[in-house]
Amino acid sequence: MENKNTQSRRSFLKSSALTGGGLMLSFTWLSSFKSADKMATLNLPEQWAELNGYIKITPDNVIKIVCPNPEFGQNVMTSLPMIVAEELDADWKNVVVEMGVHDNVKLGPQFTGGSNSVKMYWKPLRNAGASARQMLIEAAAQTWGVPATEITTKGGVLSHSSGKTAKYGEMASKAATITVPKDVKLKAVKDFSIVSKSQKNSEGLKVVTGKPLFGMDYRVEGMLIAMIQHPPAFGMKLKSFDASQALKMPGIKDIHSFKLYDDDYAQAGFDTRTFNEMIAIVGNSTWEVMNARKKLKVQWEAAGDVKETVNGRGGKKEITVPARLETTSKQLELMEEYAKKPAQQLRKDGDPEAAFKNAATIIERTYNAPFLAHNCMEPMNFFAHVQADKALVAGPVQAPGWIEPTLMKVLNLPADKIEIQMTRMGGGFGRRAYGQFAYEAARISQKMKAPIKLIYTREDDMTYGIYRPMYTATYRAALDVNKNLIGFHIKGGGIPENPVHANRFPAGAVDNYLAEGWEIPSNVTIGAFRAPRSNFNAAAEQSFLDEVAEAMGKDPIKLRLDLLKRAKENPVGKNNEYDAARYVGVLELLKEKSGWGKPENAGKKRGVAAYFCHNSYAGHVVDLVMRDGQPYVESVTSAIDCGVVVNPDAAINMVQGAVVDGIGNSFYGALTHKDGVAEQNNFHNYRMIRHNEAPKKIDVHFVQNEIDPTGLGEPPFPPVFGAVANALFKATGKRFYNQPFKMETEKKV
Amino acid sequence: MAKYNLKINGKIRKVDIDPSTPMLWVLRDHLDMPGTKYGCGMAQCGACTVHLDGTAVRSCSLPVSAIGKGAITTIEGLSENGTHPVQKAWIEHDVAQCGYCQSGQIMSAVALLKENPKPTDADIDNAMSGNICRCGTYLRIKEAIKTASKN
Ligand code: FES
Ligand code: FES
């Protein structure tokens, strides 16, 4: 990943950004990029005509498409370029893909998260492809002296009825001089020939040959390795340290303490601060630094209540991070206590109090879920080379645009002096939306006056915080004498945030509805985790609905369909987030594909759940068996509505991955604490789902429609938890309310 | 420090290094061969899997001093252009999501197939369960191993 020519590439990008709208209408000469595998076989020239920020074409007809968004396994380096290539009418075989550098002016928001990549780039990338195509047509029209309207394109070739043809490459340099068209016509979905057809991962070959792709693999001449020692417990801070022994260890350059942020710094929304003062150990190689760190003698002390200024979405405010050293059993007690207190009302329809007062039956259940560590396969790391007047940082990060403003403050440099390069991420799941590792690397490099790569060990990574929060929720349903659902109440809370999505199903489908939330502040830091909050709600709500259906004597899918019918025909209240018709579509597809209710499946231990989040709809039917006395999810049927599916085979891969992830986390995932110390610190005591525990079969089906794509990375994940819980009930006769279920099954089955 | 002549991917590589250094870091830091990945450092995840005389080993827990005359094969040594049948099967099934675990998965799979050219599902589970994939690509890995076993 060594890139000796970053400055030249950066200046090229800057100058092209000046032309406004990210268009560079002239020849560019690029000598600095590294050839991709495909490029090597395409006899790569060095002359590119850039038609816009995303598209460069050589005279030899190689089409380079820049992927704006960082890649963390959701396959955007294939799907986003496919969208461009589709409207460009390129031949996919001639396309090579390059990861863009951070440049929000030229390449848009460049944010990977919230299942947003395809959704937010769908229109801009189609426009980029279509306008470049129009410019190529115009160039051919001028060259041939024929009207542009008589020229057609296909597979990267321009044709005129007279028989004249030209490859895009032949017209590219002329096209680059043509004014960018304002309005371009986009293709009809039915005419797609690249999008909606499965294309192989554009980086697949590099992955299987072990090419340096990841932040961990980043390397430049003279680079030092750095590690940090953070306090051993949440709520502790550095008192003093003695590095004399550690400094004598071979290969060690320096050991120093540093502050993540300056004392008066107002943290932006994604500037999570777990520990503000840490110790950096810097040396020549990873093993030497690891060994030296063991020789450090550090005194820690209680941090006490800490005042912080946060300048997030809700504006600037002072917060107090409590001193309490967390212990899981105490956290559970505290949550129970808070759950009894009055909470903030988030939504109210009708008269829920009366409904519950008049109910013939009330069902009340409480669900709990622990903190979860993201455990990206590639531990956190970042490269930084900070010099007096400029800085280069590079590594795995989901939102380069979010770390830039903080880096500017940390380094006291203007934006144009900070270059951010994005490497492939060995997983993200939300963890890499928080860039504190980049600031840490920058601080250390600044102090060392040298290029450094900061590496977290697995233990550093797992004990640093920024977890999925700890949640609880109590659900109540009121049934009248005829077993009609007349009231619904959810009261949810967590450490340190409440999970409730007040405007989601079954809001809108029940006349009397109340949603409330409460929160307990903590020094354990939290962050987005694949489908934040939804990943808990879907588990709780979808298990609860299963019990409600049982009490009503209804099939669980039928109950949901009935409620959705109500929400569609005569919705209750305002601001219902979901589209009931699409929800129904997913349930119907799921029913059909899983053979739900069919006699041949009568003996199966099946659980169903469906959920809406991140603008998409996903449902699963899980078939569970008992294997050696333990529950095992043998097969899963999934149905998804995420609009147009850009790259079907890769989409199936992602859904299968989300299902495996969901089974793993619902059975095993838990990060617990004792006196502020994370009790799990590596994979020997943090259990991850493994090969033998993954289902044998996961059948994935998509609702076919022409709706603009919505999210896919997150939506399939949350309902897995609920479907697993419901299948567990069928297999064991017991309801499971507390995640992880595996601990529960070991206790109770 | 001690000097070693290591046989890696058919070539002799010289290093002068602390004998306790795990092979993983010898490869990554000292020989600039980053295909072998760090995931846990304690033989729990398989990301660092290489072959020692054809057997899959976790290089994070294998000190350089223990290699002796053994021949090491890494992902870079399977083939340069991804032409090894297992690599080809991985491409065919488009296995990778983030890809970080996949060199380790592939190295475990190659060792398995060498020993057991026609593995059953249970054989695959046994041989592969030391390799975690956080992205959950297990089903495709199994399919890819079966495809490779036909070639
Ligand atoms: S890094 Fe060696 S097994 Fe995890
Ligand atoms: S592909 Fe991401 S960890 Fe396996």
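Nothing here was measured: the structure is a model prediction, and the numbers come from that model.

## Some details on the overall build of chain B
If you tally the helices and strands in chain B, you get six helices and five strands. When the elements of chain B are put in sequence order from the N terminus, they spell out β-β-α-β-β-β-α-α-α-α-α. Relative to the 2.2 N^0.38 estimate, which gives 15 Å for 151 residues, the radius of gyration of chain B is 15 Å and therefore close to what a compact globule would have. Overall, chain B is about 45 × 25 × 25 Å in size when its C-alpha atoms are taken along their principal axes. In chain B, which comprises 151 residues, the share counted as buried stands at 62%. Counting only contacts in chain B whose residues sit at least 6 apart along the sequence, the fraction spanning at least 24 positions is 53%. If you sum the accessible surface of chain B, you get close to 5,600 Å²; carbon and sulfur atoms cover 50% of it. Side-chain charges in chain B split into 17 positive and 14 negative, and the spacing between the mean points of these groups amounts to 3 Å.

## Points about the interface of chain B and chain A
Counting residues at the interface gives 54 residues for chain B and 60 residues for chain A. Surface buried jointly by chain B and chain A totals about 4,800 Å² across both partners, of which 57% is contributed by carbon and sulfur atoms. Our count for the chain B to chain A interface comes out at five salt bridges. In this structure, Asp649(A) engages Arg140(B) in a salt bridge whose closest nitrogen and oxygen atoms are separated by 3.2 Å. At the junction of chain B and chain A, the tally comes to 27 residue pairs in polar contact (both at pLDDT 80 or more). Going through the elements one at a time, helix H1 (23–30), helix H2 (75–78), helix H3 (85–92), helix H4 (102–115), helix H5 (121–128) and helix H6 (138–149) of chain B are the ones with two or more residues in the side of chain B that touches chain A. In terms of residue class, the side of chain B that touches chain A is built from 22 nonpolar, 20 polar and 12 charged.

## Topic: the pattern of salt bridges
A complete count under the given rule lists 46 salt bridges over all chains for this structure. Residue Lys593(A) pairs with Glu592(A) through a salt bridge whose shortest N-O separation is 3.6 Å. Its salt-bridge partner being Lys142(B), residue Asp125(B) comes within 2.9 Å of it at the nearest N-O pair. Placement of the pair is Asp125(B) in helix H5 and Lys142(B) in helix H6, with a sequence separation of 17 residues. Assessed through its relative accessible area of 13%, Asp125(B) is described here as buried. Among the ionic contacts, a cluster of salt bridges with common partners joins Glu86(A), Asp89(A), Arg133(A) and Lys187(A).

## Things to note about helix H18 (residues 648–667) of chain A
With 20 residues, H18(A) extends 28 Å between its outermost C-alpha atoms, agreeing within 8% with the 28 Å of an ideal straight helix rising 1.5 Å per residue. For H18(A), the tally of buried residues reaches 18 of 20 residues, placing the bulk of the element in the interior.

## Structural notes on empty space enclosed by the protein
This structure, assessed with the given rule, holds nine cavities of 30 Å³ or more. Its volume calculated, the largest cavity comes out at about 130 Å³. Around the largest cavity, the lining comprises 16 residues; the ones closest to its centre are Asp661(A), Asn665(A), Met688(A), Ile689(A) and Arg134(B). Within the lining of the largest cavity, the residues separate by chemical class into seven nonpolar, six polar and three charged.

## Focus: the confidence of the model for chain A
In this model, chain A carries an average pLDDT of 91, and 93% of its residues clear a pLDDT of 70 or more. Ignoring residues within four places in sequence, the model shows residues 1–45 of chain A, a span with pLDDT below 50, making 98 contacts including any to other chains.

## So, the packing of aromatic side chains
Residue and element names in this part refer to chain A. In the structure shown here, the tally under the stated rule is 32 aromatic pairs over all chains. Seen in terms of ring centroids, phenylalanine 488 and phenylalanine 544 are 5.7 Å apart; in terms of plane orientation they differ by 70°. Their pairing is edge-to-face. Here the residue phenylalanine 488 occupies a position in strand E24 (residues 485–495), and phenylalanine 544 occupies one in helix H15 (residues 534–552), the gap between them amounting to 56 residues. The exposure class of phenylalanine 488 is buried, given its relative accessible area of 1%. For phenylalanine 544, a relative accessible area of 0% translates into the label buried. Summarising the aromatic geometry, the rings of phenylalanine 505 and tyrosine 583 are spaced 5.2 Å apart at their centres and angled 50° between planes, so their arrangement reads as tilted. Placement of the pair is phenylalanine 505 in the loop between E24 and strand E25 (512–519) and tyrosine 583 in helix H17 (residues 580–594), with a sequence separation of 78 residues. No difference in accessibility class separates phenylalanine 505 from tyrosine 583, as the two residues are buried. We note arginine 476 situated over the ring of phenylalanine 356; from NZ or CZ to the ring centre the distance is 4.1 Å. Its end group placed over the ring of phenylalanine 729, arginine 735 keeps NZ or CZ at 3.6 Å from the ring centre.

## Some remarks on the packing of helix H16 (residues 556–569) of chain A against H17(A)
All names here are of chain A. Running from N to C, H16 and H17 point in directions that differ by 160°, and their axes come no closer than 9 Å. Of the possible angle classes, the one that applies to H16 and H17 is roughly antiparallel. The handedness of the crossing between H16 and H17 comes out as left-handed. Residues Ile557, Arg560, Leu561, Leu564, Ala567 and Lys568 of H16 touch H17, and the partners they reach there are Ala580, Ala581, Tyr583, Val584, Leu587, Glu588 and Lys591.

## A closer look at the domain arrangement of chain B
All names here are of chain B. According to the domain assignment, chain B consists of domain 1 (2–77) and domain 2 (85–149). A straight line from the C-alpha centre of domain 1 to that of domain 2 covers 21 Å. With 16 residues of domain 1 in contact, the opposing surface of domain 2 contributes 13 residues. Here domain 1 meets domain 2 over a buried area of about 1,200 Å², counting both sides, of which 56% is carbon and sulfur. Remark: the boundary between domain 1 and domain 2 carries zero salt bridges. Summed over the shared surface of domain 1 and domain 2, the result is six residue pairs in polar contact (both at pLDDT 80 or more). Listing elements by their share of the side of domain 1 that touches domain 2, those giving two or more residues are strand E3 (49–52) and strand E4 (55–58). Sort the elements by how many residues they give to the side of domain 1 that touches domain 2 and E3 lands first, with three residues. Looking at the side of domain 1 that touches domain 2 residue by residue, the class counts come to six nonpolar, eight polar and two charged.

## Topic: the domain arrangement of chain A
Where the parts come together, the accessible area they lose is often given as the size of the interface. Residues and elements named next belong to chain A. What the domain assignment lists for chain A is domain 1 (15–202), domain 2 (218–308 + 374–462) and domain 3 (531–748). Each of domain 2 and domain 3 was reduced to a C-alpha centroid, and the two centroids are 37 Å apart. Each partner contributes residues to the interface: domain 2 has nine residues there, and domain 3 has 12 residues. At the surface where domain 2 touches domain 3, the tally comes to zero salt bridges. Between the two partners, domain 2 and domain 3, sit two residue pairs in polar contact (both at pLDDT 80 or more). Split by residue class, the side of domain 2 that touches domain 3 holds six nonpolar, one polar and two charged.

Quick notes on the rules
- Residues numbered from 1 in each chain as written.
- Chains lettered and ligands numbered in written order.
- Predicted model: local features only at pLDDT ≥ 70, side-chain atom pairs only at ≥ 80, totals over all residues.
- Heavy atoms only, no water.
- Helix = DSSP H or I, 4+ residues; strand = E, 2+ residues; numbered from the N terminus.
- Rg over C-alpha atoms; globule rule 2.2 N^0.38 Å.
- Buried < 20%, exposed > 50% of the residue type's maximum accessible area, 1.4 Å probe, protein only.
- Contact = heavy atoms within 4.5 Å.
- Areas by Shrake-Rupley, 256 points an atom, 1.4 Å probe, with all protein chains shown as cover.
- Lys, Arg positive; Asp, Glu negative; His and termini not counted.
- Charge placed at Lys NZ, Arg CZ, Asp CG, Glu CD.
- Buried area = accessible area lost by both parts, 1.4 Å probe.
- Salt bridge = Lys/Arg side-chain N within 4 Å of Asp/Glu carboxyl O.
- Polar contact = N/O pair within 3.5 Å; in protein donor to acceptor, adjacent residues only side chain to side chain.
- Nonpolar A, V, L, I, M, F, W, Y, C, P; charged D, E, K, R; others polar.
- Expected span 1.5 Å × (residues − 1).
- 1 Å grid on protein atoms, 1.4 Å probe; cavity = no way out; pocket = protein on both sides within 12 Å on 5 of 7 lines; lining within 4 Å.
- Points joined across faces, edges and corners; volume = space filled by probe spheres on them.
- pLDDT = per-residue confidence, 0-100.
- Phe/Tyr/Trp six-rings, centres within 6.5 Å; stacked < 30°, edge-to-face > 60°.
- Lys NZ or Arg CZ within 6 Å of the ring centre and 35° of its normal.
- Axes fitted to C-alpha atoms, helices over the stretch in contact; angles between N-to-C directions.
- Parallel < 35°, antiparallel > 145°, perpendicular 65-115°, else oblique.
- Left-handed = near helix turned anticlockwise from the far one by under 90°.
- Domains from an automatic or database assignment.

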